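Descriptive analysis of the structure
So the chains spell out like this:
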Amino acid sequence: MLVYIKENYEEMSKEAARIVAELVRSKPSGVLGFATGGTPLELYKELIRMHQHEGLDFSNITTFNLDEYVGLPPEHPQSYHYFMWENLFKHINVDRRFVHFPKGMAQDIEAHCEWYEKQIEKAGGIDLQILGIGANGHIAFNEPGSSLGSRTRIKTLTGTTREANARFFDDPSQVPKYAITMGVGTIMDAKKLLLLASGESKAEAIAATCEGPITAKCPATIVQMHRHATVIVDQAAAAKLTMKY
Ligand code: PGA
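Procedures and definitions
- Residues numbered from 1 in each chain as written.
- Predicted model: local features only at pLDDT ≥ 70, side-chain atom pairs only at ≥ 80, totals over all residues.
- Heavy atoms only, no water.
- Phe/Tyr/Trp six-rings, centres within 6.5 Å; stacked < 30°, edge-to-face > 60°.
- Helix = DSSP H or I, 4+ residues; strand = E, 2+ residues; numbered from the N terminus.
- Buried < 20%, exposed > 50% of the residue type's maximum accessible area, 1.4 Å probe, protein only.
- Patch = residues over 30% accessible without salt bridge, like charges linked within 9 Å, V, L, I, M, F, W, Y side chains within 5 Å.
- Areas by Shrake-Rupley, 256 points an atom, 1.4 Å probe, with all protein chains shown as cover.
- Salt bridge = Lys/Arg side-chain N within 4 Å of Asp/Glu carboxyl O.
- Pairing = 2+ DSSP bridges.
- Axes fitted to C-alpha atoms, helices over the stretch in contact; angles between N-to-C directions.
- Disulfide = S-S within 2.5 Å.

Here a ring pair, both rings aromatic, is described through the centre-centre distance and the interplanar angle of the planes. In the structure shown here, the tally under the stated rule is ten aromatic pairs. Ring geometry for F34 and F89: centres 5.5 Å apart, planes at 80 degrees, overall edge-to-face. Of this pair, F34 sits in strand β2 (residues 31-34) while F89 sits in the loop between α3 (80-87) and β5 (99-100), placing them 55 residues apart in sequence. Just as F34 is buried, F89 falls in that class too. Here F64 and Y116 contribute two aromatic rings whose centre-to-centre distance is 5.7 Å and whose plane-to-plane angle is 80 degrees, an arrangement assigned as edge-to-face. Separated by 52 residues along the polypeptide, F64 in strand β3 (residues 62-65) and Y116 in helix α4 (residues 109-122) bring together distant segments of the chain. Here the two residues F64 and Y116 agree in accessibility, since each one is buried. Chaining the aromatic ring pairs together yields one cluster made of F34, Y44, W85, F89 and F101.

Set out below in structure tokens:
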């Protein structure tokens, strides 16, 4: 596992963008896994800049997002579908036909999750998966206690995750209780992982992820088992690391 400690959020985001751009340039028909949340926002701004000013071309890139709230349609401003189009996709030249999200409004959720896994497989697997991390160590919506071998499925969000995400909703009671999420096993199948964390609220989870024992209590710790995982953090998120990187 490669761990980079950057001075601040902006530097963390620039380094992440450099890695994503390298993949896009070296494999123009590659498969990118995207994440939502506050953490990747600056990375997405940098990718937009690279598209607009350096001609970074996404036209043949296939995308898969990690997760989606159950019960929110794509046009809902808090859906992850909406988030990705607003914050990245509408500003770059991705081809709508190659963009994939779990469907929050799926009637048969189990069948839909199987379909999602199949689409990833048919695309040849994810070349580079971008990940955030929850203060509780979740990756995507794989909350503590999630099976480390899990596949795409419905999960109940923990109280702390719903509280953390309430900032995006007018009323905290509107935060959905369930999400469809790639499993830990699905994420681990990606050829490369790029995990980002910024701010002191993530310091404990990052210390566990990089230095702690692997445990389902902190699902992110499984990235220690990945052959090509890169973790990029800012100084605040690195505060509880004890080894030299
Ligand atoms: P954040 O969320 O980027 O908004 O901190 C990350 C996560 O919960 O996975």
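On the surface, a nonpolar cluster with roughly 290 Å² of combined accessible area is contributed by I5, M243 and Y245. By the secondary structure assignment, Y245 is in the segment after β10 (229-234).

Here we take up the sheet that holds strand β4 (residues 67-69). The strand order across the open sheet formed by three strands is β4-β8-β7, and the pairing between neighbours is antiparallel. With partners counted over all chains shown, the strands left at the sheet margins are β4 and β7 (153-156), one partner each. Within this sheet the neighbouring strands show an average axis-to-axis angle of 30 degrees, counted without direction. Of the pairings in the sheet, the one linking β7 to strand β8 (residues 178-181) comprises four bridges and is antiparallel in character. Residue pairing in the sheet places R153 in a bridge with T181 of β8.

Under the counting rule described, the total for this entry stands at zero disulfides. C210 forms no disulfide, and the closest cysteine sulfur to it belongs to C218, at a distance of 9.8 Å. A relative accessible area of 9% means that C210 is categorised as buried.

With that settled, the discussion passes to unusual backbone geometry. Phi is positive for A140, close to 50 degrees, though the residue is something other than glycine. With respect to the helices, strands and loops of the structure, A140 is situated in the loop between β6 (128-131) and β7. Owing to a relative accessible area of 10%, A140 belongs among the buried residues under this scheme.

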